[in-house]
Amino acid sequence: IVDKFGRSAQFFLSLSIDRPNLSTMADALVTAGTAMFDDVLMAKKLPSDVVQRFNECLISGAPTPEEDQKVIADAMYTWARELGAIDFAHWFFPLRGGGGAVGGMLGAFKKDTLIDLDFKSAYVTKPMKACLPHERLFQGETDGSSFPNGGLRVTHSAAAFTTWDRASPPFVMDKCLYIPCAFVTHFGKCIDEKTPLLRSMDAVKTHGLRMLKAIGIGTDAQTMHSYLGWEQEFFVLSAAHYKSRPDLVNCGRTLFGKLPTRHQQGDLNYFQPVPGKVAELLDIAQAEMLKVGCPMAVKHNEVAPGQHEMSPVFRTANVSCDSNVLFMEVMNREAAKLGLQVLFHEKPFAGINGSGKHANWSIGTDTGLNFFYPGKNEAGAKLYVTAIACLAYGLAQYNEMVRCTVAHSGNDHRLGAQEAPPAIISLYPGQGFEQHVESIVNGGDLLGYKAEKKKQSTGCSAAMHIEANVEDRNRTAPFPFCGNRFEFRAVGSSQNCCLPVMVCNAVMSAGMAHLAGLIEGGMSHRDAVAKVYKENKHVIFTGNGYSAEWPIEANKRGLPNLNTTPKAVATWNSDKNKKLFEDLKIYTVEETEARQEVMYENYISSLCCEVETMIQMCETGILPACAKDLEKYKGFEKLGGNRKAIYDAILEQLEKLKTAFDKKPHGSLSAEATYLCDTIKPQMVALRAAVDKAEGVMEASIYPYPTYEQMIYHHHF
């Protein structure tokens with residue numbers, strides 16, 4: 001590919017390889033995909049028989065033959081060196097959480113130089129040679145004893161291995177060849193985010209093909225895929241302001257702060273022109289992501305001041321999850337060069353909108369059948385109705401499991417706060433489709449749902465009519481239909497997408513296995529779908545999820561309202577969940593229980609960090625500022641008003657917090673998490689209220705930290 005001046009992609013790459021800060025000089029569309037070793041490149045660089053066997057192994061799960069490994073490694077080495085790579089790294093996702101603090105959910109890796117010793121040499125001191133040994137491409141070993149593992153590994157037995165996720169293309173960035181990997185212990189236990197996702201994708205393939213065979217649709221498919229398109233929200237602020245706030249540095253969110261008089265009341269920020277400095281950051285990030293094959297397609301201002309969003313076109317779930325983690329890394333790296341800081345916490349600023357990461361999820365076959373597209377023929381329409389029945393089964397029967405995937409300390413501030421879906425998991429397939437479900441349950445045919453896009457007049461001659469979607473969108477629903485996919489809206493902005501998507505795959509696989517079993521047992525296709533809908537339609541809700549009436553109605557339907565992380569996590573290792581994970585070969589019982597332990601530990605460490613930071617900020621910043629402000633009113637007590645009472649209230653609430661925190665239980669993760677949630681968090685709220693009230697009367701120059709107004713509007717002017 002060349003531009004109109006005859007400049008190739010390699011020309012533009014040469015600008016950015018040695019001087020990364022000039023990457024924006026390159027035309028982002030010219031260099032798109034040039035730093036990713038994808039299927040297209042493999043077809044060009046490798047013999048056709050090697051490519052064919054490689055793809056066959058992806059479907060069957062068989063190891064890549066050693067001779068083919070050597071050919072692939074040599075070709076990848078030559079390509080990576082052409083792009084300036086010096087190192088390579090196995091890149092994986094440990095279970096380290098982070099609660100929204102900067103860096104919490106980023107990938108892990110160590111860099112190895114693209115060299116080895118020439119062991120064929122006769123010399124005692126073997127000379128070096130530049131290369132990528134095939135065994136080091138496909139597998140690596142590391143000491144992972146310091147990563148969270150839920151008891152699956154101990155320090156004196158700490159071996160862990162990385163193995164290339166062959167379905168996710170390696171890429172070159174910053175002179176390093178990155179190899180996306182799964183991460184397991186010496187005994188094959190998963191201690192990462194990626195491995196369970198890959199196992200769940202296998203489950204979709206197994207039970208999806210089984211269901212297709214049972215209903216007699218799409219029987220020519222050889223494999224299946226799950227897909228993900230993420231919408232990443234985030235805040236951008238001055239790096240100097242960020243570094244001046246201990247709460248942002250340590251916790252990823254502000255623990256104190258009074259809203260400015262103008263914040264998001266008039267929706268003035270939403271879809272406004274992106275501020276210049278941020279626009280530069282987004283353009284750089286877009287170019288870098290396009291270069292490594294991530295089709296970044298959207299960037300815009302979000303509702304709150306200082307809040308923005310970027311999102312790509314969907315891809316297979318594992319590749320898309322990889323690119324989301326990489327995007328977060330790229331954003332913070334490039335922001336630092338511009339004197340900015342990106343916040344991915346779900347609720348960095350109280351009182352204005354928080355950030356989510358809407359996960360647009362679907363499944364389909366290698367032949368092009370999308371299970372969540374209403375279809376243009378009878379077979380497609382039947383598959384659509386059948387697939388949503390399977391999804392309803394999964395969400396109804398494993399409701400708590402789905403809720404657990406978005407349960408963490410950061411998201412507790414966001415879910416159900418009139419800016420994100422409630423903590424109640426329900427399915428929104430559209431009001432018209434809900435009526436069709438009732439028809440099926442009452443004996444009607446599977447066909448009959450008219451998936452027709454409707455033309456709506458604009459009422460003026462200059463603008464043509466619009467073609468509205470089959471169903472309207474419902475942003476108050478945690479799982480709404482969006483034309484050809486479902487959008488899991490409850491995912492938090494700081495999360496790795498792997499866990500939520502893994503469970504979407506798992507519950508869908510459960511539904512497909514259940515329905516296939518009914519048909520294999522002699523039930524007709526229609527009757528099996530009707531039975532599944534009849535038993536699980538209580539999870540379908542097409543009303544206003546923000547309304548006060550919905551929690552009451554949900555309770556009547558038997559849908560749990562697990563509105564805090566400790567309540568949700570307590571359900572994770574239920575017998576029902578453990579059996580499903582084991583049946584689907586996603587988690588062993590031991591791995592399921594380990595994941596619960598990691599969830600608790602992450603919640604506890606996040607809350608404890610917040611409490612300790614809050615105490616430190618009060619004692620070293622807030623209280624000294626109060627004393628300094630009071631000093632100015634000596635002899636002018638009338639002007640000082642009730643300052644002393646306001647400042648005394650801070651000390652009173654601080655002592656209550658310290659006393660309560662000292663009584664935190666030990667020995668039981670569940671008890672500790674529950675205590676932090678039910679006892680400590682309310683006291684944190686009380687202390688915050690006292691400090692924020694003080695900020696409203698304190699002399700502005702004395703307040704010890706950057707204010708909300710300074711932070712969220714800094715880059716707007």
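Scroll up for the structure.
As the structure is a computational prediction, the values presented were derived from the model and not from experiment. (Residues numbered from 1 in each chain as written. Predicted model: local features only at pLDDT ≥ 70, side-chain atom pairs only at ≥ 80, totals over all residues. Heavy atoms only, no water.)

Student: I'd love a proper account of the overall build of the protein chain, names of residues and values included.
Tutor: On a plain count of helices and strands, the protein chain comes out with 24 helices and 17 strands. Over its C-alpha trace the protein chain gives a radius of gyration of 27 Å, about what one expects of a compact globule, namely 27 Å for 717 residues. Seen through its C-alpha atoms, the protein chain measures out along the principal axes to roughly 90 × 80 × 70 Å. Sequence separation of at least 24 residues holds for 74% of the intrachain contacts in the protein chain that already meet a minimum separation of 6. Carbon and sulfur atoms provide 53% of the accessible area of the protein chain, an area that totals close to 29,600 Å². Across the protein chain, the mean location of the 74 positive side-chain charges is 2 Å away from that of the 80 negative side-chain charges. (Helix = DSSP H or I, 4+ residues; strand = E, 2+ residues; numbered from the N terminus. Rg over C-alpha atoms; globule rule 2.2 N^0.38 Å. Contact = heavy atoms within 4.5 Å. Areas by Shrake-Rupley, 256 points an atom, 1.4 Å probe, with all protein chains shown as cover. Lys, Arg positive; Asp, Glu negative; His and termini not counted. Charge placed at Lys NZ, Arg CZ, Asp CG, Glu CD.)

Student: Give a description of the state of the cysteines that names residues and reports values.
Tutor: Tallying each qualifying case throughout the model produces zero disulfides. Looking at Cys176, it has no disulfide partner, and the nearest cysteine sulfur is the one in Cys181, 11 Å off. Assessed through its relative accessible area of 0%, Cys176 is described here as buried. With no disulfide of its own, Cys497 lies closest to Cys321 among cysteine sulfurs, the gap being 5.0 Å. (Disulfide = S-S within 2.5 Å. Buried < 20%, exposed > 50% of the residue type's maximum accessible area, 1.4 Å probe, protein only.)

Student: Report on the pairing of strand E6 (residues 159-164), specifying residues and quantitative values.
Tutor: As judged from the five bridges shared by strand E5 (residues 139-143) and E6, these two strands associate in the antiparallel manner. By the bridge assignment, Gly140 is partnered in E6 with Thr162. In this structure, E6 lies alongside strand E8 (residues 176-185), joined through five bridges in antiparallel fashion. For Thr163, the partnering residue across the bridge sits in E8 and is Ala182. (Pairing = 2+ DSSP bridges.)

Student: Please provide a residue-by-residue account of the packing of helix H20 (residues 589-631) against helix H23 (residues 669-695), values included.
Tutor: At a minimum axis distance of 10 Å, the contact between H20 and H23 shows a crossing angle of 30°. Of the possible angle classes, the one that applies to H20 and H23 is roughly parallel. Crossing angle aside, the handedness with which H20 passes H23 is left-handed. Between H20, through Glu597, Tyr600, Glu601, Tyr603, Ile604, Leu607, Cys608, Glu610, Val611, Met614, Cys618 and Ile622, and H23, the contact on the second element is made entirely by Leu669, Ser670, Glu672, Ala673, Leu676, Cys677, Ile680, Lys681, Met684, Leu687, Arg688 and Val691. Grouping the constituent residues of the contact of H20 with H23 by class yields 17 nonpolar, one polar and six charged. (Axes fitted to C-alpha atoms, helices over the stretch in contact; angles between N-to-C directions. Parallel < 35°, antiparallel > 145°, perpendicular 65-115°, else oblique. Left-handed = near helix turned anticlockwise from the far one by under 90°. Nonpolar A, V, L, I, M, F, W, Y, C, P; charged D, E, K, R; others polar.)

Student: So, the pattern of salt bridges: which residues are in play, and what are the values?
Tutor: Taken as a whole and judged by the stated rule, the model has 39 salt bridges. A salt bridge links Lys578 to Asp575; the shortest N-O distance between them is 4.0 Å. Note that Lys578 and Asp575 are positioned in helix H19 (residues 575-583) at a spacing of three residues, about one turn of the helix. Judged by its relative accessible area of 64%, Asp575 falls in the exposed class. When salt bridges with common partners are traced through the structure, they connect Asp174, Glu288, Lys291, Arg333, Glu334 and Lys337 into a single cluster. (Salt bridge = Lys/Arg side-chain N within 4 Å of Asp/Glu carboxyl O.)

Student: Explain unusual backbone geometry residue by residue, including any values.
Tutor: Residue Asp174 is not a glycine yet carries a positive backbone phi of 55°. Structurally, the position occupied by Asp174 is in the loop between strand E7 (171-173) and E8. A positive phi angle, near 60°, is found at Lys175, a position not held by glycine. Tracing the chain through its elements places Lys175 in the loop between E7 and E8. Since its relative accessible area comes to 33%, Lys175 is described here as partly exposed.

Student: Break down the packing of helix H22 (residues 643-662) against H23 for me, citing the residues and quoting the values.
Tutor: At a minimum axis separation of 8 Å, H22 and H23 run at an interaxial angle of 165°. When the interaxial angle is binned, H22 and H23 end up roughly antiparallel. Here the hand of the crossing between H22 and H23 comes out left-handed. Across the interface between the two elements, Ile646, Tyr647, Ala649, Ile650, Gln653, Leu654, Lys656, Leu657, Ala660 and Phe661 of H22 pack against Tyr675, Leu676, Ile680, Gln683, Met684, Ala686, Leu687, Ala690, Val691, Lys693 and Ala694 of H23. A per-class count over the contact of H22 with H23 returns 17 nonpolar, two polar and two charged.

Student: Please give an account of the side chain of Lys664 that cites residues and values.
Tutor: Here Lys664 is to be found in the loop between H22 and H23. Among residues more than four places away in sequence, those in contact with Lys664 are Cys608, Glu672, Tyr675 and Leu676.

Student: I'd like a rundown of the layout of surface pockets, residues and numbers included.
Tutor: In this structure, the largest pocket occupies an estimated 1,400 Å³ of space. Lining the largest pocket are 43 residues, and of these Leu58, Asp165, Arg166, Ala167 and Asn318 sit closest to its centre. Counting residues per element, the ones that place at least two in the lining of the largest pocket are helix H2 (39-45), helix H3 (48-60), E6, E8, helix H6 (194-215), strand E9 (224-238), strand E12 (315-316) and helix H10 (317-337). Residues of the lining of the largest pocket, tallied by class, amount to 21 nonpolar, 13 polar and nine charged. Each pocket or cavity is described by its volume, and for the second largest pocket that value is around 760 Å³. Among the secondary structure elements, those contributing two or more residues to the lining of the second largest pocket are E9, strand E10 (296-301), strand E11 (307-312) and strand E14 (357-365). For the lining of the second largest pocket, the leading source of residues is E14, giving six residues. Of the residues that constitute the lining of the second largest pocket, the class distribution is twelve nonpolar, 15 polar and eleven charged. (1 Å grid on protein atoms, 1.4 Å probe; cavity = no way out; pocket = protein on both sides within 12 Å on 5 of 7 lines; lining within 4 Å. Points joined across faces, edges and corners; volume = space filled by probe spheres on them.)

Student: Which residues make up the environment of Lys531, and what values go with them?
Tutor: With respect to the element layout, Lys531 can be found in helix H16 (residues 525-536). C-alpha of Lys531 to C-alpha of Thr64: the two residues are 467 residues apart in sequence and 43 Å apart in space. Ignoring sequence-local partners within four residues, the contact set of Lys531 consists of Leu518 and Met523.

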